[in-house]
Amino acid sequence: MFIPATQNEMKKRGWDHLDVILVSGDAYVDTPYNGTSVIGHWLIDNGFKAGIIAQPDVSSPDDITRLGEPSLFWSVSAGCVDSMVANYSATKKRRKDDDFTPGGINNKRPDRACIAYSNLIRKYHKGAKIVLGGIEASLRRIAHYDMWSDSVRRSILFDAKADMITYGMAETSNLELAHSIKNEKDWKDIRGISYISGERMNGYVEMPSYERCADDKNEFIDAFNIFYNNCDPMTAKGLMQKHGDRYLIQNPPSRNISSEVLDRIYESDYENKVHPSHSKDGPVRSMETVKQSVTTHRGCYGECNFCAIAVHQGRTVISRSEDSIIREIEKMTKKKGFNGIVYDVGGPTANMYAIECIKKCQVGSCTDRRCIYPKMCEKLSVDHRRQISLLERIKNTEGVKKVFVSSGIRYDMILADKMNGKKYLDIIVKDHVSGQLKIAPEHISDDVVKLMGKPGKRELLEFKKMFDASNKEQDKKQFLTYYLIAAHPGCYEKHMDELRNFITKELKTNPEQVQIFTPTPSTYSTMMYHTRRDIKNEKDLKVEKSMQMKQRQKDIVLGERE
């Protein structure tokens, strides 16, 4: 059932008011792939009245006033993507297209959407309590580098003049917040929130101030290290960062939810459709990419330095039960128009499902090492057995003709699984690949992959050999698709020449999926981009900041260099 987006939909539920109104920079697509939909359904499932306003016109009161005022708070999100990433390319060119907007035209999402929507709400709803959420607010919650202004910006909470941020995936914090405000209880000790205070917080770790971070790159590095090292719910301490004469207070992250709770979240009554109010404006392309697909888990312990998933979703993989996933697929098969195909079974990394370190789940992430880089930790016990079982169950579900794994996979994990790695790959090749299997080496130069936190050419060639052999054994002619990055910090033109030669001679293909590195907030690669220092702050890095020269690096790999 759709979350109410109109007064008529409220009346159909017998509601005369709303407790929470969600505002999003995306079109309203009612799927568990849309964070705003997830929060809305979770609140409703737990007894609260939630409504949604998607892509409100910031130049008019019509959209933002159509559901009235919430009794508890406004929940504001820029959408599934940071609005500046959605609106501009890595070379700062305005994007014409937007997969999250009806008709695919980029004309609905304002720049710095969290700030724009907060201003809109305050203009027409005096005294409104505004809670920021979603990836834009989550990753901009401390002083952060912003590529689009080439500056260190304040916490988005100060610029939006909002009351707080519920950061991370935020189901738990939003629900606790709703209960606290409803019952007139103090909400400032809720885990997973940030807010502004005029006073220091006893027992919290103080980060270098916004002003020091803006003036001194070493202070910026120190602040980011403190931030990153306090993202694990089991070990994190509360943080504070001075901005002028006030403090940003960040409570420790929300506790990891259980598999049972994750099952409940994903088995809510999503329509898995675009809200009908958007139909007049054309299709929403993002719906097509998640159509008839299933999320099996959340979180990622890959910790690639250019990726924010570890900060936003967490470094602990939480997996749904097989029974829950099967129930969702059984429900899918009964939907009108189902064609028998499940287009994706996965998550941030498809083959991390049901693989996690027992020690980490008990005491938190290690402070002196990562799970799979520079080498696979033996305590992780990589075993694809449960994924094999899950795919077999889905394949045998009545009404299912074909199951694909379209999410990317970590090939180094397949190589590390001496028990079932080859069996998993053989099954993927035999039944679950539509001609091409996506992998993301990103680069092969030793200098660059070390800065990225990725495996190198040896693992890539070993996996390619394994993949080709599996295809030959099964009389298949399938291919690997390689995702690559140009202009990462520390990457020079000579490294792109090396990558081009390797692709041509060793991989024997022509690259297609090449993107220019975008320094999004709250990643180690962005820290390196801004400070021109390596991750350990031990040596200087060359960082390409010229848009023309970034494009040139990409063109080298594509064979389009002048």
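Residues numbered from 1 in each chain as written. Predicted model: local features only at pLDDT ≥ 70, side-chain atom pairs only at ≥ 80, totals over all residues. Heavy atoms only, no water.

Undergrad: Mind showing me how you'd approach the overall build of the protein here?
TA: When helices and strands are counted, the protein shows 22 helices and 22 strands. Taking 24 Å as the expected radius of gyration for a compact globule of 562 residues, we find that the protein reaches 23 Å, a close match to that expectation. Taking the principal axes of its C-alpha atoms as reference, the protein extends roughly 65 × 60 × 50 Å. Restricting to contacts in the protein with at least 6 residues of sequence separation, those with at least 24 account for 75%. (Helix = DSSP H or I, 4+ residues; strand = E, 2+ residues; numbered from the N terminus. Rg over C-alpha atoms; globule rule 2.2 N^0.38 Å. Contact = heavy atoms within 4.5 Å.)

Undergrad: Would you mind showing me how to read the side chain of Glu544 here?
TA: If you trace the backbone, Glu544 turns up in the loop between α21 (524-531) and α22 (547-558). Here Glu544 is buried and forms no salt bridge, its nearest opposite-charge partner Lys542 lying at an N-O distance of 4.6 Å. Here the side chain of Glu544 touches Ser546 through a polar contact of 3.3 Å, landing on its backbone nitrogen. What Glu544 contacts, discounting residues up to four positions off in sequence, is Tyr529, Met549, Lys550 and Gln553. (Buried < 20%, exposed > 50% of the residue type's maximum accessible area, 1.4 Å probe, protein only. Lys, Arg positive; Asp, Glu negative; His and termini not counted. Salt bridge = Lys/Arg side-chain N within 4 Å of Asp/Glu carboxyl O. Polar contact = N/O pair within 3.5 Å; in protein donor to acceptor, adjacent residues only side chain to side chain.)

Undergrad: Please clarify how the pairing of strand β21 (residues 479-486) should be interpreted in this entry.
TA: Two faces make up the sheet, and in a regular strand the side chains alternate between them. Burial of β21 is extensive: six of the eight residues sit out of reach of the surface. Strand direction decides the pairing type here: strand β20 (residues 436-442) and β21, joined by five bridges, are parallel. Across the sheet, residue Lys438 finds its bridge partner in β21, namely Thr481. When β21 meets strand β22 (residues 513-516), the two strands line up parallel, connected through four bridges. Paired with Ala486 across the two strands is Ile516, which belongs to β22. (Pairing = 2+ DSSP bridges.)

Undergrad: How do you make sense of the packing of helix α17 (residues 421-431) against helix α19 (residues 457-473) when you look at a structure like this?
TA: Packed helices, taken two at a time, are described by their axes: the angle between them and the distance between them. For the pair α17 and α19, interaxial distance at closest approach is 10 Å and the crossing angle is 55°. Our classification of the angle between α17 and α19 gives oblique. For α17 against α19, the interelement crossing comes out right-handed. Contacts between α17 and α19 involve Gly421, Lys422, Leu425, Asp426 and Val429 on the former and, on the latter, Phe463, Met466, Phe467, Ser470, Asn471 and Glu473. (Axes fitted to C-alpha atoms, helices over the stretch in contact; angles between N-to-C directions. Parallel < 35°, antiparallel > 145°, perpendicular 65-115°, else oblique. Left-handed = near helix turned anticlockwise from the far one by under 90°.)

Undergrad: Looking at this structure, I do not really get the sheet that holds strand β5 (residues 130-133). What am I missing?
TA: In sheet architecture, strand pairing relies on hydrogen bonds along the backbone and comes in two forms, parallel and antiparallel. Strand order in the open sheet formed by nine strands is β3-β1-β4-β5-β8-β9-β12-β11-β10, and the pairing between neighbours is mixed. The sheet is open, and its two borders are formed by β3 (50-54) and β10 (205-207), each paired with just one other strand. The mean inter-strand angle of the sheet, taken between neighbouring strand axes irrespective of direction, is 25°. Pairing of β5 with strand β8 (residues 164-166), which is carried by two bridges, proceeds in the parallel orientation. Pairing of Leu132 across the sheet is with Ile165, part of β8. With respect to the sheet, helix α2 (residues 35-45) is in contact with β1 (20-24), β3 and β4 (73-77), its orientation differing from that of β1 by roughly 170°.

Undergrad: For this particular structure, what's the right way to read the packing of aromatic side chains?
TA: The geometry of an aromatic ring pair comes down to the distance between the two centres and the angle between the two planes. For the coordinates displayed, the defined rule picks out ten aromatic pairs. Ring geometry for Tyr145 against Tyr529: centres 5.9 Å apart, planes inclined by 50°, an arrangement best described as tilted. Taken together, the residues span a long stretch of sequence, with Tyr145 in strand β6 (residues 144-146) and Tyr529 in helix α21 at a distance of 384 residues. The pair Tyr145 / Tyr529 is uniform in exposure class, with both members buried. Consider the rings of Phe517 and Tyr529, whose centres lie 6.1 Å apart with planes at 55°: the pair is tilted. In this pair, Phe517 sits in the loop between β22 and α21 while Tyr529 sits in helix α21, placing the two residues twelve residues apart along the sequence. (Phe/Tyr/Trp six-rings, centres within 6.5 Å; stacked < 30°, edge-to-face > 60°.)

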